[in-house]
Amino acid sequence: MQIKFWGVRGSIPCPGASTVKYGGNTPCIEVYFPEIDRLIIIDAGSGLRELGNDLMARQKQVEAHLLLSHTHWDHIMGFPFFVPAYLPGTHIRMYGPATYEDESLEQVVGGQMTYRYFPIREAELAANIQYFNLKEETLDLGDGIIVKTKYLNHPVLCLGYRIEYKDKVFCTAYDTEPFRNVFITDPEHHDYDAEMAAEGEQVAIEQNKMIEQFYQGADFLIHDSQYTQEEYEQKFIGWGHSHIEYVCDAAKRNQVKQLALFHHDPLRSDDQLDEMTEKYCNNDYCGETKSFFAKEGMVIEL
Ligand SMILES: [Zn+2]
Ligand SMILES: [Zn+2]
């Protein structure tokens, strides 16, 4: 597997002088299998535009599985700018979690392409595009490629992916934050119920354990790490994103071999990410797990 980052930012594209090094595009990851010439794309953020241009330069018909983590805008906004979608020879199988029972994946993604927002309608896409709704399940994509999915903890339905091929395991876990106890834990509070508090604690621990088991022992894990622990605890609990300290610790505890810290906050500058690399990507935080902050253009070979 060759895994290439085309977009690493959360929320909104943020091009500019302070983001040149790590990149300013929103999530898009290319997973290419050279010996069988198969292509999986994870997420259709603004990075997908450049991947599309690159695929055009490779001069072959595009046949790809496009796996969406979820349908927040930063993960689908690149699709109307994906040039291969306008070509008749292209075949895209798009998979994603169905968020609203009455709105299909096609409506959610294709809904960006109405005249109100965009000059071309979805119906004008010449490619063969098929849409599939996903739950927690296992998909056999043929040629020995197995894809497993896992629900994460985000304000909308969101899936992590586990791709297994020839004894190698590659996982994604974004956008997500650790599950918390949803019951009142302060014994002084007038609605405090000791039994509920204890049960809530147990549920959160078990749900977090299930996500960790999903990526346990992975050769490579890409994990939401938008905030530092301090930022998270001060302002962002419940926003659906993880903090770096938690991610490093969880990856280390679960024998992940290589970890990409991902979904950088759009406010984070190159200088800050360099400083954070110094601080976090070492034995103190990550133990044996090799870690780095994801950068556009970077390729990981498994
Ligand atoms: Zn996001
Ligand atoms: Zn999101």
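Conventions we followed
Residues numbered from 1 in each chain as written. Chains lettered and ligands numbered in written order. Predicted model: local features only at pLDDT ≥ 70, side-chain atom pairs only at ≥ 80, totals over all residues. Heavy atoms only, no water. Pairing = 2+ DSSP bridges. Helix = DSSP H or I, 4+ residues; strand = E, 2+ residues; numbered from the N terminus. Axes fitted to C-alpha atoms, helices over the stretch in contact; angles between N-to-C directions. Contact = heavy atoms within 4.5 Å. 1 Å grid on protein atoms, 1.4 Å probe; cavity = no way out; pocket = protein on both sides within 12 Å on 5 of 7 lines; lining within 4 Å. Points joined across faces, edges and corners; volume = space filled by probe spheres on them. Nonpolar A, V, L, I, M, F, W, Y, C, P; charged D, E, K, R; others polar. Donors = N, O, S within 2.8 Å, 3.2 Å for Na, K, Ca; no water. Tetrahedral: all angles 85-135°; square planar, octahedral: opposite > 155°, others 65-115°. Salt bridge = Lys/Arg side-chain N within 4 Å of Asp/Glu carboxyl O. Buried < 20%, exposed > 50% of the residue type's maximum accessible area, 1.4 Å probe, protein only. Core = buried A, V, L, I, M, F, W, Y, C linked by side-chain atoms within 4.5 Å.

(A) View of the sheet that holds strand S4 (residues 63–67). Reading across from one edge, S6-S5-S4-S3-S2-S1-S14 is the order of the 7 strands in this open sheet, with mixed pairing throughout. With partners counted over all chains shown, the strands left at the sheet margins are strand S6 (128–134) and strand S14 (299–301), one partner each. Each adjacent strand pair in this sheet contributes to an overall mean axis angle of 20°, direction not counted. Taken together, the 5 bridges between strand S2 (residues 28–33) and strand S3 (residues 38–42) define a ladder with antiparallel strand orientation. When the sheet's bridge partners are listed, valine 31 is paired in S3 with isoleucine 40. Helix H1 (residues 47–57) rests against strand S1 (2–7), S2 and S3 of the sheet, and its axis sits at about 125° to S1.

(B) Highlighting empty space enclosed by the protein. Inspection of every chain in the model, using the stated rule, returns 1 cavity of 30 Å³ or more. Put simply, the largest cavity is a space of about 60 Å³. Every residue lining the largest cavity is listed: Thr176, Glu177, Pro178, Asn208, Ile211, His223, Ser242 and Tyr246. Of the residues belonging to the lining of the largest cavity, the class tally is 3 nonpolar, 4 polar and 1 charged.

(C) Looking closely at the coordination of the zinc ion (ligand 1). In this structure, Asp74 (OD), His75 (NE2), Asp175 (OD) and His263 (NE2) serve as the protein donors to the zinc ion (ligand 1), at separations of 2.1 to 2.2 Å. Around the zinc ion (ligand 1), the 4 donor atoms are arranged such that angles at the metal cover 92 to 163°; this shape is classified as irregular. Counting residues between consecutive donors of the zinc ion (ligand 1) along the chain gives the motif D-H-x99-D-x87-H. Separating the zinc ion (ligand 1) from the zinc ion (ligand 2) is a gap of 3.5 Å, which aspartate 175 spans by donating to each of them.

(D) How the structure looks around the pattern of salt bridges. In total, this model carries 15 salt bridges according to the counting rule given. Of the charged contacts in the structure, one is a salt bridge between arginine 58 and glutamate 30, with a shortest N-O distance of 2.9 Å. Here glutamate 30 lies in strand S2 and arginine 58 lies in the loop between H1 and S4, a separation of 28 residues in the sequence. Across the salt bridge formed by glutamate 164 and arginine 162, the nearest N and O atoms sit 2.7 Å from each other. According to the relative accessible area criterion, arginine 162 is buried, its value standing at 14%. In this structure, a network of salt bridges that share partners links the residues Glu30, Asp54 and Arg58.

(E) Looking closely at the nonpolar core. Core analysis: the largest hydrophobic core is formed by 29 residues, its most contacted members being Phe5, Ile29, Val31, Ile40, Ile42, Ile163 and Phe170. Elements with a minimum of two residues in this core: S1, S2, S3, strand S7 (138–142), strand S8 (145–151), strand S9 (159–165), strand S11 (220–224) and strand S12 (258–262). Broken down by element, the residue count for this core peaks at 4 residues, all from S9. Those residues in contact with isoleucine 163, other than ones at most four positions away along the chain, are Met1, Val31, Phe33, Ile40, Ile42, Ile145, Ile146, Val147, Lys168, Val169 and Phe170. Judged by nonpolar contacts, the second largest core, of 27 residues, contains Cys28, Ile41, Leu48 and Ile129.

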